[in-house]
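# Results of the structural survey
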Amino acid sequence: MAVRAYRAAIAIGVIGILLALLGFFCIFCTGDLIFSFFRNWSNNRYITKALEKGTQPKIGVLDDELFLRPIVLDQLKNIFKPDKTQSFYYTVCGDHGTGKTTLVRIASREVGHGVVYVDVPPVVEGFGVAFGKAINFAFEEHVSFINQLIGNTDSEFISSLHFYNIQLTLISFLIDESDKPKWVRALEAFQRAANAYQIKHGRPAVIIYDNISRLTYKYPEILDTLQDDAKDNADSRTYIAVFISSEGFVPRRLESRSAWSRAFKPPLEIGDLSKEESIEYLVNTRKIKEEEAERLYELIGGRMVDLKIVADKSLARQSFSVIEKSVLNETQKKFISAQIYTKQKYHKVACQIINSLLESKELDLDEYLGFFNNYKEADEILEKNVFAYHPGTNTVTFQSKSVESYIKTKADIFGIKLIDLTPTDENDINSDQATTSNQTDTIIPDKIIESENGKSEIK
Ligand SMILES: Nc1ncnc2c1ncn2[C@@H]1O[C@H](COP(=O)(O)OP(=O)(O)OP(=O)(O)O)[C@@H](O)[C@H]1O
Ligand SMILES: [Mg+2]
């Protein structure tokens, strides 16, 4: 009898211990599940809110220096307000400093509703965090209920609970998937919110990725994933992605993939201001005298960032010749960095390209690639902002008027022979013509004159 009672007592003891352990497990497990559930729930709420309001990125240009470009702004706003049938994603391109970011941010603020703007940061490793911030997504790494409870205690009993904690962490990962890269988690969270947005408003949300060339240099596979996701979500009309890029090789990478089939074609290109717009900006917006504005335009053309820089310098009372010198010096640095200056690796091939461009103003991409032994070299030079690729027309041109101005001052270095053709009669108006040194019998005029639309061209 006593033995039976003894056994029963032991059994009850064991059951008690097991129940206690189960109790612990349930308490902590429930704690973690509730914790994760609450975090996901509040995250979704914040993202939905961000999507409703739009990201509202800062514009970064002072109001009294801002030059509005209504035609481009309208084009962008149309893209950012897709209707329910919209099933393409977009690419917006243009050389460095044409004003893409500024215009995209203005348009995205004006549309607001449903538009998320994500800027790839200069340190691309921060892309996931930037993405999360744009959509209000909190990335608290897994902090379990049990961890918060035990703190840093040294107690052996409490430490043994770590075993359970590991199990619970695994369960929690199934819920919040925190082992994935941040950008993937942000993308998935955005997609869920876009889905809800689509159901509520009957139209797709919009996500803008600015500066995607930064990703392409170091993590091209991320851009590939974003593009594939953009295709799938354009198909399902869940969200419309807009890729903004300055570098010619980025659209070419996008174009080379099967997901390009769902891209709107041709890409929207944001280019330079026309002569009229440039003068209006310099004279009316920046209050520069008309005569000075004309000279500055002749030097640098209608590149927005260049106009801003020379306007700032002119207003700081720098003389035209000082401004000119600094523009030409900066351009020379680009030539050296592209390794096309005299005696550098790509000098010869660059001379050929320059002379062809002086002749024809633009080259088909095939013609441009034809100058090189391999595409890598062709891309390498394109990245250095001396020449520019235009995806819309599939052509290559000089990157800016400053580049043309610089070449004119270094005609001997690039094998261009300037011929002094002082007019001998009234009809002979081109006094400053150029020819390649190995084509001395063919006169190639390099008098850069304005076409009707105000863009500079070689006639
Ligand atoms: N509409 C505008 N009005 C006045 N200034 C402008 C305007 N757009 C751009 N700018 C000026 O030109 C600079 C470059 O513009 P922005 O950064 O938008 O060009 P971007 O094309 O995005 O350049 P990148 O290709 O290098 O990213 C801005 O910092 C701003 O000072
Ligand atoms: Mg930009």
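Residues numbered from 1 in each chain as written. Chains lettered and ligands numbered in written order. Predicted model: local features only at pLDDT ≥ 70, side-chain atom pairs only at ≥ 80, totals over all residues.

Turning our attention to the overall build of the chain. When its secondary structure is counted, the chain shows 19 helices and 12 strands. In the chain, which comprises 459 residues, the proportion classed as buried is 36%. Considering only contacts within the chain whose residues lie at least 6 apart along the sequence, 72% involve residues at least 24 apart. (Helix = DSSP H or I, 4+ residues; strand = E, 2+ residues; numbered from the N terminus. Buried ≥ 20, exposed ≤ 12 C-beta atoms within 10 Å, placed from the backbone. Contact = placed C-beta atoms within 7 Å.)

Contact geometry of helix 15 (residues 320–337) with helix 19 (residues 401–409) gives a least axis separation of 9 Å together with a crossing angle of 95 degrees. It follows that helix 15 is roughly perpendicular to helix 19 by the angle criterion. Contacts between helix 15 and helix 19 pair Val327, Leu328, Thr331 and Gln332 from the former with Ser402, Val403, Ser405, Tyr406 and Thr409 from the latter. Across the contact of helix 15 with helix 19, the residue classes tally to 4 nonpolar, 5 polar and no charged. (Axes fitted to C-alpha atoms, helices over the stretch in contact; angles between N-to-C directions. Parallel < 35°, antiparallel > 145°, perpendicular 65-115°, else oblique. Nonpolar A, V, L, I, M, F, W, Y, C, P; charged D, E, K, R; others polar.)

Looking now at the nonpolar core. Judged by nonpolar contacts, the single largest core of 55 residues is most densely connected at Val116, Ile208 and Val242. Per-element tally for this core: the top contributor is helix 8 (residues 182–201), with 8 residues. Dropping the residues within four chain positions of it, Ile208 is found in contact with Val104, Ser108, Val115, Val116, Tyr117, Val118, Val242 and Ile244. Listed in part, the 25 residues of the second largest apolar core include Tyr346, Tyr368, Ile381 and Leu382. (Core = buried A, V, L, I, M, F, W, Y, C linked by C-beta atoms within 7 Å.)

This part takes up unusual backbone geometry. At the junction of Lys265 and Pro266, the peptide bond is cis and its omega measures out at -5 degrees in the coordinates. Along the chain, Pro266 turns up in the loop between helix 11 (249–255) and strand 5 (268–269). Phi at Asn385 takes a positive value of approximately 65 degrees, unusual for a residue other than glycine. Within the fold, Asn385 resides in the loop between helix 18 (375–382) and strand 7 (387–390).

A word on helix 12 (residues 275–285). Of the residues making up helix 12, those classed as buried are Ser278, Ile279, Tyr281 and Leu282. Here the buried residues of helix 12 occupy an arc of 155 degrees about the axis, which is enough to place them on one side. Taken together, the buried residues of helix 12 touch helix 13 (290–300) and helix 14 (304–315). Taken from the residues just after helix 12, Lys287 is the one with a positive phi, measuring 60 degrees. (Arc of directions from axis to C-beta.)

Looking now at the confidence of the model for the chain. In regions of low pLDDT, the predicted coordinates are not meant to be interpreted in detail. Residue-level pLDDT values for the chain average 83, and 78% of them are 70 or greater. Here residues 150–154 is a poorly scored stretch, pLDDT under 50, and it has 3 contacts once near neighbours within four places are set aside; other chains count. (pLDDT = per-residue confidence, 0-100.)

Among the 9 residues in helix 19, 7 count as buried, and that is most of the element. Every buried residue belonging to helix 19 is among Lys401, Ser402, Val403, Glu404, Ser405, Tyr406 and Ile407, and all of these are buried.

So, about the packing of helix 13 against helix 14. In contact at an axis separation of 11 Å, helix 13 and helix 14 are set at 140 degrees when each is read in the N-to-C sense. Between helix 13 and helix 14, the crossing angle belongs to the class labelled oblique. Taken as a pair, helix 13 and helix 14 cross one another with a handedness that is right-handed. Contacts between helix 13 and helix 14 involve Glu292, Leu296 and Ile300 from the first element and Asp306, Leu307, Val310 and Ser314 from the second. Among the residues forming the contact of helix 13 with helix 14, the class breakdown is 4 nonpolar, 1 polar and 2 charged. (Left-handed = near helix turned anticlockwise from the far one by under 90°.)

Read across the sheet, 5 strands follow the order 2-3-4-1-5 without closing on themselves; strand pairing throughout is parallel. Both outer strands of the open sheet, strand 2 (115–119) and strand 5, are each paired with one neighbouring strand and no more. Pairing geometry for strand 2 and strand 3 (residues 205–210), over 5 bridges, is parallel. Residue Tyr117 lies in a different strand from strand 3, and its bridge partner there is Ile208. (Pairing = 2+ DSSP bridges.)

Here the focus is the pairing of strand 4 (residues 239–245). Most of strand 4 sits inside the fold, with 7 of its 7 residues counted as buried. Here strand 4 shows a buried face lined by Tyr239, Ala241, Phe243 and Ser245 and a second buried face lined by Ile240, Val242 and Ile244. Strand direction decides the pairing type here: strand 1 (residues 90–93) and strand 4, joined by 4 bridges, are parallel. Residue pairing across strands places Thr91 opposite Phe243, the latter belonging to strand 4. Pairing of strand 3 with strand 4 involves 5 bridges; the strand directions are parallel. Each residue of the ladder has a partner; that of Val206, found in strand 4, is Ile240.

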